[in-house]
Amino acid sequence: VPADPTDEANVVVAAQFSIDAPGGQSIPRYIFNESSGENLGSSLQEPLNAPPDISEQQALMSFLEWVYNNEKCKSDHYALVLWSHGPELFLQPPPGRPTGDPASLYLTPEELSQALKSCEPPAGRRLEIIGFDACCMSMLEMACELNDLADFMVASQEDVPDLSFPYYNLIELFRKYGNKALPSLLSEGVKAYVSTYKDCICNHNTGMKGVTLSVLDLSNCDALKDAVGELACALLEAKENESLPCALIKARSESQDYAGGLYVDLYDFCTK
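Predicted, not measured: the structure shown is a model, and the values here were computed from it.

Caption draft 1: Spotlight on the packing of aromatic side chains. Within the structure shown, the criterion is met by eight aromatic pairs. Ring geometry for tyrosine 30 against phenylalanine 32: centres 5.8 Å apart, planes inclined by 15 degrees, an arrangement best described as stacked. Assessed through its relative accessible area of 11%, tyrosine 30 is described here as buried. Members of the aromatic cluster, each reached through a chain of ring pairs, are Trp83, Phe165, Tyr167, Tyr193 and Tyr197.

Caption draft 2: Just the environment of asparagine 49, in detail. With respect to the element layout, asparagine 49 can be found in strand β4 (residues 48–49). Taking the C-alpha atoms as reference points, asparagine 49 and serine 26, separated by 23 residues in sequence, lie 4.5 Å from one another. Leaving out residues up to four positions away in the same chain, asparagine 49 has contacts with Gln25 and Ser26.

Caption draft 3: Inspection of the nonpolar core at higher detail. Formed by 31 residues in total, the largest nonpolar core has its most connected members in Leu112, Leu116, Ile130, Phe132, Leu146 and Met153. The element contributing the most residues to this core is helix α2 (residues 56–68), with six residues. The next biggest cluster of nonpolar side chains, apart from the first, holds 20 residues, and it includes Val160, Tyr177, Ala181 and Val190.

Caption draft 4: Here's a closer look at the pattern of salt bridges. Throughout the structure, instances matching the rule amount to seven salt bridges. Between glutamate 71 and lysine 74 there is a salt bridge, with its nearest N and O atoms 3.2 Å apart. Overall, the relative accessible area of 58% leaves lysine 74 in the exposed class. For glutamate 188, the salt bridge is made with lysine 191, and the minimal N-O distance between the two is 3.6 Å. Pair noted here: glutamate 188 and lysine 191 are both in helix α6 (residues 182–198), with a separation of three residues, about one helical turn. Glutamate 188 sits in the partly exposed class, given a relative accessible area of 29%.

Caption draft 5: Spotlight on the packing of α2 against helix α3 (residues 109–118). Two elements in contact, α2 and α3, have axes whose closest approach is 9 Å; the angle formed by their N-to-C orientations is 25 degrees. Classified by the interaxial angle, the pair formed by α2 and α3 is roughly parallel. By crossing handedness, the relation of α2 to α3 is classed as right-handed. Contacts from Gln57, Leu60, Met61 and Leu64 in α2 reach Glu111, Leu112, Gln114, Ala115, Leu116 and Ser118 in α3. In the contact of α2 with α3, the residues fall into six nonpolar, three polar and one charged.

Caption draft 6: Seen up close, the packing of helix α5 (residues 167–177) against α6. With their axes 9 Å apart at the nearest point, α5 and α6 run at an angle of 165 degrees to one another. The orientation of α5 with respect to α6, classified from their angle, is roughly antiparallel. Both α5 and α6 take part in a crossing whose hand is right-handed. Taking contact as the criterion, the partners of Asn169, Leu170, Leu173, Phe174 and Tyr177 in α5 are, on α6, Leu182, Ser184, Leu185, Glu188, Gly189 and Ala192. Per-class residue counts for the contact of α5 with α6 are seven nonpolar, three polar and one charged.

Caption draft 7: Highlighting α5. By the burial criterion, the buried members of α5 are Leu170, Leu173, Arg175 and Tyr177. Summarising the contacts, the buried residues of α5 are in contact with α6.

Caption draft 8: Main features of the sheet that holds strand β8 (residues 214–217). Taken in spatial order, the four strands of this open sheet run β5-β6-β7-β8, and their pairing is mixed. Both outer strands of the open sheet, β5 (78–83) and β8, are each paired with one neighbouring strand and no more. Sheet twist, expressed as the mean angle between neighbouring strand axes with direction ignored, is 15 degrees. The sheet contact formed by β5 and strand β6 (residues 127–133) spans six bridges and is parallel. Paired with leucine 80 across the two strands is isoleucine 130, which belongs to β6.

Conventions used here
Residues numbered from 1 in each chain as written. Predicted model: local features only at pLDDT ≥ 70, side-chain atom pairs only at ≥ 80, totals over all residues. Heavy atoms only, no water. Phe/Tyr/Trp six-rings, centres within 6.5 Å; stacked < 30°, edge-to-face > 60°. Buried < 20%, exposed > 50% of the residue type's maximum accessible area, 1.4 Å probe, protein only. Helix = DSSP H or I, 4+ residues; strand = E, 2+ residues; numbered from the N terminus. Contact = heavy atoms within 4.5 Å. Core = buried A, V, L, I, M, F, W, Y, C linked by side-chain atoms within 4.5 Å. Salt bridge = Lys/Arg side-chain N within 4 Å of Asp/Glu carboxyl O. Axes fitted to C-alpha atoms, helices over the stretch in contact; angles between N-to-C directions. Parallel < 35°, antiparallel > 145°, perpendicular 65-115°, else oblique. Left-handed = near helix turned anticlockwise from the far one by under 90°. Nonpolar A, V, L, I, M, F, W, Y, C, P; charged D, E, K, R; others polar. Pairing = 2+ DSSP bridges.

Okay, structure coming up:
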């Protein structure tokens, strides 16, 4: 898309494919910028030669290191989008090791946090947005692991359709707002995602329910974590109350849940 004269920012997109178990492949990498001309071939960079048994965490760390040290990707602002499956990020069938032990390849929240801590943006810069183009990633556990590593987290409580985020629209929004209007960028990005699926895909005829997407201000994580801690303590103190188990089970069954009932909306649960 040609840059509009009114754009506030230039946008460079660096991308790396996911590895396949058990590793040992040449993983494509791309940089899309003004000189690549929307051409996939001219955007292709030197690949990541992934050794056997490389983990998803190691592959992500390699990508971040490559980006942060690449002159073509030098920027005043950084955002990271992880596009894969959820809620176990990058979940794929693991290969068996020679010892017979499984080689887990998906990223836990803690492992993602470790990867981001080990590979930080250049001095004076910060990862401002981390987005999850993956199902059911908008969870307190994930946010708490990231609260010192990024400013905002973008994720869905529900499934994300296979067609994914509307990147064509998002690039335009990054150009329009990315230099100095982060709240507007985030707000308009959520609206763009919802409107992409609202009329044509998520409707009565297709039977698909509407999509959700949330922007979390990670600076509020500590207050929310403290509140959840107080709730847990109150429940533990009340464990001898004979009416508590039935009340909890009833509230849980009537609350909004996600991922086939694996997760529950905490606000709705507390209200019930």
